Amino acid sequence: DGEKSYFKNGQGMWNTNAKYWFRKVATWYHMSKTSKTRYFLWLDCDIRFKRKIDDEFFNFIKSYDTCYIFRPLRQQGMHEGFVGSPPETGIVSFDLENENVKNFISHIFNSFLSGDIFKNEPRWDDTWAYGKALNNHFSDLLNCGIFNNKFVSLNEPYVDAEKVSRFDIYNDYFKHYKKNI
C-alpha cells in the first residue's frame, strides 16, 4: 500500500533516496549467492577509471574480507547512534569465499527486506546499513581494509593505520562523480 510505504515518511535525502540505493545492496546479495569468482569489487555507476587495476590494488583487496572508503565524523552529517562514521560504499570489495562476508551481506540485505532498517535506524541508505552491520554485528568477524583517500587521517580513533592502503583510491585509481554525470 503506497500510503503505508516507509518512503512516504522518509526524512531527508538519505531516506527518500534509499529506494534507489537499495539496488546496490540487492546486487551485493545476488553476487554473494551466485558469483563463481572469489573477489567482488563494487563500483558505483558514477565512478570513472583513472588507470587499470594493477597488482598493488588487487593484492590489497585480497588481504581483507571487505574493503571500504573511510569517512571521518567531521565530513558527514547525521551520525547520531553511530560509532565511528558510516563508510563510503561507492567502492567496496568482498571476499565471497568467506562465509562471514556472505553472512554480512545477507544481514544488510535482510535489514531492508524485514523493514528493520526503516523502523529502527535514522538513515536507510546502503552506507548506513553497511556501517551499522559492520560495527554492531561483524566487527570481530571481518578483517577490513580501508582505501586511503584525502579524508583518512591516521590519527582518527577508528582508523587502524596498518589496514590503510598505500595508494589513494581517488588520486590513483578512480574519480567518483557525486552529481549527475
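Residues numbered from 1 in each chain as written. Predicted model: local features only at pLDDT ≥ 70, side-chain atom pairs only at ≥ 80, totals over all residues. Heavy atoms only, no water.

### Looking at the confidence of the model for the protein chain
- Summary statistics for the protein chain give a mean pLDDT of 84 and a share of 79% for residues scoring 70 or more.
- Put simply, helix α1 (residues 12-16) is where the protein chain has its lowest mean pLDDT, 75, and helix α4 (residues 99-113) is where it has its highest, 97.
- For the stretch residues 75-79, pLDDT sits under 50, and the model shows 13 contacts to residues farther than four places along the chain or on other chains. (pLDDT = per-residue confidence, 0-100. Helix = DSSP H or I, 4+ residues; strand = E, 2+ residues; numbered from the N terminus. Contact = heavy atoms within 4.5 Å.)

### Observations regarding a nonpolar patch on the surface
- Taken together, Phe 49, Ile 53 and Phe 58 make up a surface patch of nonpolar side chains, about 280 Å² in accessible area.
- Structurally, the position occupied by Phe 58 is in helix α3 (residues 55-62).
- Under the relative-accessibility criterion, Phe 58 is labelled partly exposed at 33%. (Patch = residues over 30% accessible without salt bridge, like charges linked within 9 Å, V, L, I, M, F, W, Y side chains within 5 Å. Areas by Shrake-Rupley, 256 points an atom, 1.4 Å probe, with all protein chains shown as cover. Salt bridge = Lys/Arg side-chain N within 4 Å of Asp/Glu carboxyl O. Buried < 20%, exposed > 50% of the residue type's maximum accessible area, 1.4 Å probe, protein only.)

### Brief notes about the pattern of salt bridges
- Under the defined criterion, the tally for this structure stands at eight salt bridges.
- In this structure, the salt-bridge partner of Lys 24 is Asp 44, at a minimum N-O distance of 3.0 Å. Of this pair, Lys 24 sits in helix α2 (residues 18-34) while Asp 44 sits in the loop between β1 (39-43) and β2 (47-49), and the two are 20 residues apart along the sequence.
- Owing to a relative accessible area of 7%, Lys 24 belongs among the buried residues under this scheme.
- Note on Asp 44: relative accessible area 14%, which makes it buried.

### Quick notes on α2
- The end-to-end C-alpha separation of α2 is 24 Å, in line with the 24 Å expected for 17 residues at 1.5 Å each.
- All of the buried residues along α2 are Ala 18, Lys 24, Val 25, Trp 28 and Ser 32. Along the long axis of α2, the arc covered by the buried residues comes to 105°, so they all point the same way. Exposed side of α2, more than 90 degrees from the buried face: Arg 23 and Lys 33 are the residues found there. (Expected span 1.5 Å × (residues − 1). Arc of directions from axis to C-beta.)

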